Amino acid sequence: MSEQQDITVVHVMRHGEVENPQGVLYGRLPGYHLSELGRQMADRVAEHLSSRDVVHVVASPLERAQETATPIAKAHGLDLATDGRLIEAENIFQGKTFGVGDGALKNPANWKYLVNPFKPSWGEPYVEQVVRMKGALDAARDRARGHEAVLVSHQLPIWILRSYVEKRRLWHDPRKRQCTLASLTTFTYEGDRIISVGYSEPAIDLVPVHLRAGAQPGQGQSKAFGA
């Protein structure tokens, strides 16, 4: 196999904006679809990737990820695959508001879930997220050997995967995740080995300023809403 053929690129995309007027942390709940703006984001990224050598597109089973991936698959004449390992992280606060100054944080019954931010105690352990996301990443690499693949997932699992690959600690400040809506975290393999990690935001002009990477949530807002 030539050096060029041995290079495989896997883009891991965060889904677009979700219709969520109540501002809940929707987690793995069904029924949360892309907003009109989210569909525009998905189309923008599909256009951005249209000239790339994409041979495999796969998404989390949640609606928002499926809807984000659909125009990308269509642009390349591919069937959309689903991988349950790309799903959002499990979270005990799913279905609740969890912003600053309101919601679940004010209820003493929930405080027991906040005792260990390093695991974390309120949801799926970071290590478990690494195992499943790395498995999905490597599976896409194998499916797209010598070409490119696109995986559509969710903010926290993508950030945990990147942190692991870049050898950073897994616990972190959620406000500092570099994983904006409709962004691409790109892993380049030489054979079975990851040789670089890149990050791009093809739809950044469509992303509301308060939802961009590094933005500080306002009163009553949580960046987890757009996970």
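Residues numbered from 1 in each chain as written. Predicted model: local features only at pLDDT ≥ 70, side-chain atom pairs only at ≥ 80, totals over all residues. Heavy atoms only, no water.

## Comments concerning the pattern of salt bridges
Okay, so step 1: What the rule picks out here adds up to 17 salt bridges.
Okay, so step 2: Here Glu 148 ties to Arg 52 by a salt bridge, and the two come within 3.1 Å at their closest N and O atoms. Taken together, the residues Glu 148 in strand β4 (residues 148-153) and Arg 52 in the loop between α1 (36-49) and β2 (54-59) connect sequence positions 96 residues apart.
Okay, so step 3: The buried category is assigned to Glu 148, whose relative accessible area is 9%.
Okay, so step 4: On the basis of relative accessible area, Arg 52 is assigned to the partly exposed category, the value being 37%.
Okay, so step 5: Across the pair Arg 64 and Glu 88 runs a salt bridge, and its minimum N-O distance is 3.9 Å. Residue Arg 64 is located in helix α2 (residues 63-75), and its partner Glu 88 is located in the loop between β3 (80-82) and α3 (126-143); the two are separated by 24 residues in the primary sequence. (Salt bridge = Lys/Arg side-chain N within 4 Å of Asp/Glu carboxyl O. Helix = DSSP H or I, 4+ residues; strand = E, 2+ residues; numbered from the N terminus. Buried < 20%, exposed > 50% of the residue type's maximum accessible area, 1.4 Å probe, protein only.)

## Thoughts on α3
Okay, so step 1: Counted at 1.5 Å a residue, the expected span for α3 with its 18 residues is 26 Å, and the 26 Å between its end C-alpha atoms agrees.
Okay, so step 2: Of the positions making up α3, those classed as buried are Tyr 126, Gln 129, Val 130, Arg 132, Met 133, Ala 136, Leu 137, Asp 138, Ala 140 and Arg 141.
Okay, so step 3: Contacts from the buried residues of α3 go to β1 (7-14), β2, β4, α4 (155-165), β5 (184-190) and β6 (193-200). (Expected span 1.5 Å × (residues − 1). Contact = heavy atoms within 4.5 Å.)

## Here we look at the packing of α3 against α4
Okay, so step 1: With their axes 9 Å apart at the nearest point, α3 and α4 run at an angle of 85 degrees to one another. As far as their axial angle goes, α4 and α3 are roughly perpendicular. On the side of α3, the interface is formed by Tyr 126, Gln 129, Val 130, Arg 132, Met 133, Lys 134 and Leu 137, while α4 contributes Leu 156, Pro 157, Ile 158, Ile 160, Leu 161 and Tyr 164.
Okay, so step 2: Grouping the amino acids of the contact of α3 with α4 by side-chain chemistry returns ten nonpolar, one polar and two charged. (Axes fitted to C-alpha atoms, helices over the stretch in contact; angles between N-to-C directions. Parallel < 35°, antiparallel > 145°, perpendicular 65-115°, else oblique. Nonpolar A, V, L, I, M, F, W, Y, C, P; charged D, E, K, R; others polar.)

## Some thoughts on the environment of Gln 40
Okay, so step 1: Residue position: Gln 40 is located in helix α1.
Okay, so step 2: Considered as a pair, Gln 40 and Gly 16 are 24 residues apart in the sequence and their alpha carbons are 8.2 Å apart.

## Some points on the packing of aromatic side chains
Okay, so step 1: Evaluated as defined, the whole model comprises one aromatic pair.
Okay, so step 2: Across from the ring centre of Trp 171, 3.9 Å away, lies the NZ or CZ of Arg 169, which sits over that ring. (Phe/Tyr/Trp six-rings, centres within 6.5 Å; stacked < 30°, edge-to-face > 60°. Lys NZ or Arg CZ within 6 Å of the ring centre and 35° of its normal.)

## Overview of the pairing of β1
Okay, so step 1: With seven of eight residues buried, β1 lies mostly within the body of the structure.
Okay, so step 2: In the sheet, β1 pairs with β5 via seven bridges, with the strands oriented antiparallel. Note on β5: the bridge partner recorded for Ile 7 is Glu 190.
Okay, so step 3: As paired strands, β1 and β4 are joined by six bridges and run parallel to one another. Within β4, the residue paired with Met 13 across the bridge is Val 152. (Pairing = 2+ DSSP bridges.)

## Points about the nonpolar core
Okay, so step 1: Of all hydrophobic cores here, the largest spans 21 residues; its most connected members are Met 13, Met 41, Val 45, Val 57, Ile 72, Val 150 and Val 152.
Okay, so step 2: Of all the secondary structure elements, the ones that give two or more residues to this core are α1, β2, α2 and β4.
Okay, so step 3: Aside from chain neighbours lying at most four places away, what touches Ile 72 is Met 13, Val 45, Ala 46, Leu 49, Val 57 and Val 150. (Core = buried A, V, L, I, M, F, W, Y, C linked by side-chain atoms within 4.5 Å.)

Just distances and angles here, no functional claims.
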